[in-house]
Amino acid sequence: MRLEKCWFCSSTVYPGHGIQFVRNDAKIFRFCRSKCHKNFKMKRNPRKVKWTKAYRRVHGKDMTQDATFEFERKRNRPERYDRHVAEETLKAIKKIDKVRVDREARHYAKRMKGKKAQVQKEAANELEQSIHMVKAPAALQKEPSLTLPKVYQKQTEDRMEE
Amino acid sequence: MIQPQTHLNVADNSGARELMCIRIIGASNRRYAHIGDVIVAVIKEAVPNMPLEKSEIVRAVIVRTCKELKRDSGMIIRYDDNAAVVIDQEGNPKGTRIFGAIPRELRQFNFTKIVSLAPEVL
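An unreviewed UniProt entry annotates chain B as Large ribosomal subunit protein uL14c originating from Forsythia suspensa. As its UniProt record puts it under Subunit (unreviewed entry), chain B is described as follows: "Part of the 50S ribosomal subunit." Its UniProt record gives chain B the following Sequence similarities (unreviewed entry) comment, quoted word for word: "Belongs to the universal ribosomal protein uL14 family."

The name that an unreviewed UniProt entry assigns to chain A is Ribosome biogenesis protein RLP24, with the source organism given as Forsythia ovata. Recorded in UniProt for chain A, the comment headed Subcellular location (unreviewed entry) runs: "Nucleus".

Here it is in structure tokens:
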């Protein structure tokens, strides 16, 4: 039994799932579900289809090189069954998964760094420039107590102070 | 799902290029043939200067179908074309080479010679 990767979306194909397509040159394409199979038949390039792992790797959204990926390399040499080795491997799988998830989270954090400040800046800008869509400029000038709401407050509601 | 009038590619070097299925060997009213079934076919296209000629009636075993082949393990395999290997009355292939991938199921149907000649057994 072997857990394969879907050719289109790179998710794991468990036994009993999906279809394998054998091309005439004996290349096997495995698909995890009919969604990927249909996309393949439509001749879509997975590197251009946004939700696939191939796209995310090519466009830098997910990590491409990491030591944790080495553990998942395909090995064609059968191992003699050793209970001790099997136990240790199961423990190691858990640990490696945790490490990989942590590194992916760090990669995501690094990617999204500075996003919050940028969103705040854009919001402040929009407030200054487009306040006329919410409140007529004449009304603002007439009532001196009406002020623009401050963006830098941590509150979620943008209430006009009246 | 091969039925009479279906055109099949030939996956060996027996001399035929394309076969048309005429009849499925087995039960009298058998509708469709799958991988591992023997069919009676007529040669529609042949390679020149070979022992097999056009319009000859031969027997063939189906080795690849576009219709999916389901295995007990839950694996489903689909090929790119419909193909057959020309055989004689005993079940031995008439050609000496097989082209393309062959599924493992042929071994259980006692076509061991075809499986042994195949370049790739899936």
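> In this structure, what is going on with the overall build of chain A? I would like to understand it.
When helices and strands are counted, chain A shows 6 helices and 4 strands. Looking at the 162 residues of chain A, the share that counts as buried comes to 22%. Long-range pairs, those at least 24 residues apart, make up 41% of the contacts in chain A with a sequence separation of at least 6. With the model as given, the accessible surface of chain A reaches about 13,400 Å², and the carbon-plus-sulfur share is 52%.

> In this structure, what is going on with the nonpolar core? I would like to understand it.
In summary, soluble globular proteins display a tendency toward joint burial of nonpolar side chains. Residue and element names in this part refer to chain B. Ranked by internal contacts, the top residues of the largest apolar core, which has 22 residues, are V61, V63, V85, L106 and I114. Within the residue set of this core, elements represented by two or more residues are β4 (57-64), β6 (76-79), β7 (83-87), β8 (101-102) and α2 (112-117). Look past the residues within four positions of V63 in its chain and what remains in contact with it is A11, I35, A83, A84, V85, I102, P103 and L106. Ranked by size, the runner-up nonpolar core spans 17 residues in total, among them A16, L19, I39 and I62.

> Which parts of the structure should I look at to understand the UniProt feature "domain: TRASH" (unreviewed entry) in chain A?
UniProt's entry tags residues 6-44 of chain A with the feature "domain: TRASH" (unreviewed entry), counted in the numbering of this structure. End C-alpha to end C-alpha, residues 6-44 of chain A measures 14 Å, and it is 21% helix and 26% strand.

> For this particular structure, what's the right way to read the interface of chain A and chain B?
Much of the literature gives interface size as the accessible area that the parts lose upon coming together. If you look at the interface, chain A gives 11 residues, while chain B gives 14 residues. Here chain A and chain B share an interface that buries about 1,100 Å² over both sides, 56% of which is from carbon and sulfur atoms. Per-residue buried area on chain A facing chain B is highest for A:Q20, A:V22 and A:N24; these three make up 46% of the total on that side. In this assembly, chain A and chain B are joined by 0 salt bridges.

> How do you make sense of the pairing of β4(B) when you look at a structure like this?
Residues in a regular strand project their side chains so that they alternate between the two faces of the sheet. Residues and elements named next belong to chain B. The buried fraction of β4 amounts to 6 of the 8 residues, a majority that puts the element mostly inside the structure. With 5 bridges joining them, β4 and β7 adopt antiparallel strand pairing. Looking at β7, one finds that V61 is bridged to V85.

> Please clarify how unusual backbone geometry should be interpreted in this entry.
A negative phi angle characterises most non-glycine residues, just as the trans form characterises most peptide bonds. Positive phi, close to 65°, is recorded for A:K43, a residue that is not glycine. With respect to the helices and strands, A:K43 occurs in the loop between α1 (34-41) and α2 (53-58). The phi dihedral of B:Q5 falls on the positive side, at around 85°, and the residue is not glycine. With respect to the helices, strands and loops of the structure, B:Q5 is situated in the segment before β1 (7-10).

> Please clarify how α1(A) should be interpreted in this entry.
Owing to its 3.6 residues per turn, the α-helix aligns residues three or four sequence positions apart on the same side. Burial in α1(A) covers these residues: A:C36, A:H37, A:N39 and A:F40. Viewed end-on, α1(A) has its buried residues packed into an arc of 165°, placing them on one side of the element. Turning to α1(A), the residues buried within the fold contact β3 (19-22) and β4 (28-31) of chain A together with β6 of chain B. Backbone geometry just after α1(A) places A:K43 at a positive phi near 65°.

> Which parts of the structure should I look at to understand the sheet that holds strand β3 (residues 38-46) of chain B?
In sheet architecture, strand pairing relies on hydrogen bonds along the backbone and comes in two forms, parallel and antiparallel. All names here are of chain B. Pairing within the closed barrel is mixed, and its 5 strands lie in the order β1-β2-β3-β4-β7. The sheet shows a mean angle of 55° between the axes of neighbouring strands, taken without regard to direction. The sheet contact formed by β1 and strand β2 (residues 16-24) spans 3 bridges and is antiparallel. Paired with H7 across the two strands is M20, which belongs to β2.

About the cut-offs
Residues numbered from 1 in each chain as written. Chains lettered and ligands numbered in written order. Predicted model: local features only at pLDDT ≥ 70, side-chain atom pairs only at ≥ 80, totals over all residues. Heavy atoms only, no water. UniProt positions renumbered as here; feature names shortened; annotations may be inferred. Helix = DSSP H or I, 4+ residues; strand = E, 2+ residues; numbered from the N terminus. Buried < 20%, exposed > 50% of the residue type's maximum accessible area, 1.4 Å probe, protein only. Contact = heavy atoms within 4.5 Å. Areas by Shrake-Rupley, 256 points an atom, 1.4 Å probe, with all protein chains shown as cover. Core = buried A, V, L, I, M, F, W, Y, C linked by side-chain atoms within 4.5 Å. Buried area = accessible area lost by both parts, 1.4 Å probe. Salt bridge = Lys/Arg side-chain N within 4 Å of Asp/Glu carboxyl O. Pairing = 2+ DSSP bridges. Arc of directions from axis to C-beta. Axes fitted to C-alpha atoms, helices over the stretch in contact; angles between N-to-C directions.

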